[in-house]
Amino acid sequence: MANILIIDDSPTDVRVFTTLLEKAGYKVDSVGNAEEGIERVRSELPDLVIMDVIMPGMNGFQATRTLTRDPVTSNVPIVMITTKSMETDRVWGLRQGARAFITKPVNEKELLACINDLLPSAA
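Definitions and cut-offs
- Once a new chain begins, its residue numbering starts again from 1 and follows that chain's sequence as written.
- Per-residue local features are limited, in this predicted model, to residues with pLDDT of at least 70; the limit for side-chain atom pairs, both in listing and counting, is 80 or more; totals at the level of whole chains, interfaces and linings are taken over all residues.
- The basis for every side-chain value is the complete set of heavy atoms in the structure, and neither hydrogens nor water enter the calculation.
- By definition, any uninterrupted DSSP run of H or I lasting at least four residues is a helix, any uninterrupted run of E lasting at least two residues is a strand, and each is numbered from the N terminus.
- Atoms counted for the radius of gyration: C-alpha only. Globule rule: 2.2 Å times the number of residues to the power 0.38.
- Exposure is judged per residue with a 1.4 Å probe applied to protein chains only, and the accessible area is read against the type maximum: over 50% gives exposed, under 20% gives buried, and values in between give partly exposed.
- By the convention used here, residues are in contact when the closest approach between their heavy atoms is within 4.5 Å.
- Reported accessibility uses the Shrake-Rupley method at a 1.4 Å probe radius. Residues are deemed covered only where the shown protein chains occlude them.
- The charge count includes Lys and Arg as positive and Asp and Glu as negative, but it does not include His or the ends of the chains.
- For this purpose, a charge sits on NZ of Lys, CZ of Arg, CG of Asp or CD of Glu.
- UniProt positions are given in the numbering used here, feature names are shortened, and annotations may be inferred rather than shown by experiment.
- In the sections that follow, a salt bridge refers to a side-chain nitrogen of Lys or Arg positioned within 4 Å of a carboxyl oxygen of Asp or Glu.
- In this analysis, axes come from line fits to C-alpha atoms, helices being fitted only over the stretch in contact, and the angle between any two N-to-C directions falls in the range 0 to 180 degrees.
- Here the word oblique covers every angle except those under 35 degrees (roughly parallel), over 145 (roughly antiparallel) and from 65 to 115 (roughly perpendicular).
- For a crossing to be left-handed, the near helix must be turned anticlockwise from the far one by less than a right angle; the clockwise case is right-handed.
- We call two strands paired when DSSP finds no fewer than two bridges between them.

## Describing the overall build of the chain
Next up, step 1: Across its full length, the chain holds 5 helices and 5 strands.
Next up, step 2: Going from the N terminus to the C terminus, the chain shows its helices and strands as β-α-β-α-β-α-β-α-β-α.
Next up, step 3: Rg of the C-alpha trace for the chain: 13 Å, near the compact-globule value of 14 Å for 123 residues, within the 12% margin.
Next up, step 4: Structurally, the chain occupies a C-alpha span of about 30 × 30 × 25 Å along its principal axes.
Next up, step 5: Counting only residues that meet the buried cut, the chain has 45% of its 123 residues in that class.
Next up, step 6: Considering only intrachain contacts with a sequence separation of at least 6, the fraction spanning at least 24 residues in the chain is 63%.
Next up, step 7: A total accessible area of about 6300 Å² is found for the chain, and carbon and sulfur atoms account for 50% of it.
Next up, step 8: The positive charge centre, built from 13 side chains, and the negative charge centre, built from 17, are 4 Å apart in the chain.

## Here's the deal with the UniProt feature "domain: Response regulatory" (unreviewed entry) in the chain
Next up, step 1: Per the UniProt record, the feature "domain: Response regulatory" (unreviewed entry) sits at residues 3-119.
Next up, step 2: Along residues 3-119 the backbone is 46% helical and 21% strand, and the end-to-end C-alpha distance reaches 10 Å.

## A short note on the pattern of salt bridges
It is possible for side chains bearing opposite charge to pair when their charged atoms get close.
Next up, step 1: Overall, the coordinates contain 11 salt bridges when judged by the stated rule.
Next up, step 2: Between Arg42 and Asp70 there is a salt bridge, with the nearest N and O atoms lying 2.9 Å from each other. Highlighted residues: Arg42 in helix H2 (residues 34-44) and Asp70 in the loop between helix H3 (60-69) and strand S4 (78-82), separated in sequence by 28 residues.
Next up, step 3: Residue classification places Arg42 among the partly exposed positions, given a relative accessible area of 33%.
Next up, step 4: Given a relative accessible area of 14%, Asp70 falls into the buried group.

## Side note on the packing of helix H1 (residues 11-23) against helix H5 (residues 108-118)
Next up, step 1: Axis separation between H1 and H5 bottoms out at 11 Å; the angle between their running directions is 60°. In this view, H1 runs oblique relative to H5, as classed from their interaxial angle. Taken as a pair, H1 and H5 cross one another with a handedness that is right-handed. Here Phe17, Leu20, Leu21 and Lys23 of H1 come into contact with H5, specifically with Glu108, Leu111, Leu112 and Ile115.

## Notes on the pairing of strand S3 (residues 48-52)
Next up, step 1: With 5 of its 5 residues buried, S3 lies for the most part within the structure.
Next up, step 2: Neither face of S3 is left uncovered, since the one carrying Leu48, Ile50 and Asp52 and the one carrying Val49 and Met51 both have all their residues buried.
Next up, step 3: Where strand S1 (residues 3-7) meets S3, 4 bridges bridge the pair, whose relative direction is parallel. Along S3, the bridge assignment pairs Leu5 with Val49.
Next up, step 4: In this structure, S3 lies alongside S4, joined through 4 bridges in parallel fashion. What sits directly across from Ile50, in S4, is Val79.

In structure tokens form, the structure reads like this:
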């Protein structure tokens with residue numbers, strides 16, 4: 001069973017994503033800010049990270065860049081999920097190292113297909 005870490009400051013989004021992912025057979029944990037998320041990824045090395053972009057303090061772009069440039073965490077795939085829907089945001093997110101960029105509201109099938117592509121042997 002793959003472990004997924006959600007880094008998002010919205011309790012509602014965390015609850016929605018957790019319910020969806022647990023129903024699909026994933027083990028899910030979450031943190032409410034980027035700084036704590038970076039520490040959790042470093043200490044637990046989840047199989048995949050779902051990263052919000054707009055958070056207080058460090059944003060998801062900065063956290064993704066930090067994680068993908070760290071040799072310890074660079075192999076952990078990051079899926080950015082955000083309300084930021086401009087093409088420049090998507091390009092910037094992918095340039096920071098995200099493996100996928102999905103805009104809210106999230107299509108359940110799209111998210112699960114994305115995760116399955118990044119974790120072919122998961123769940």
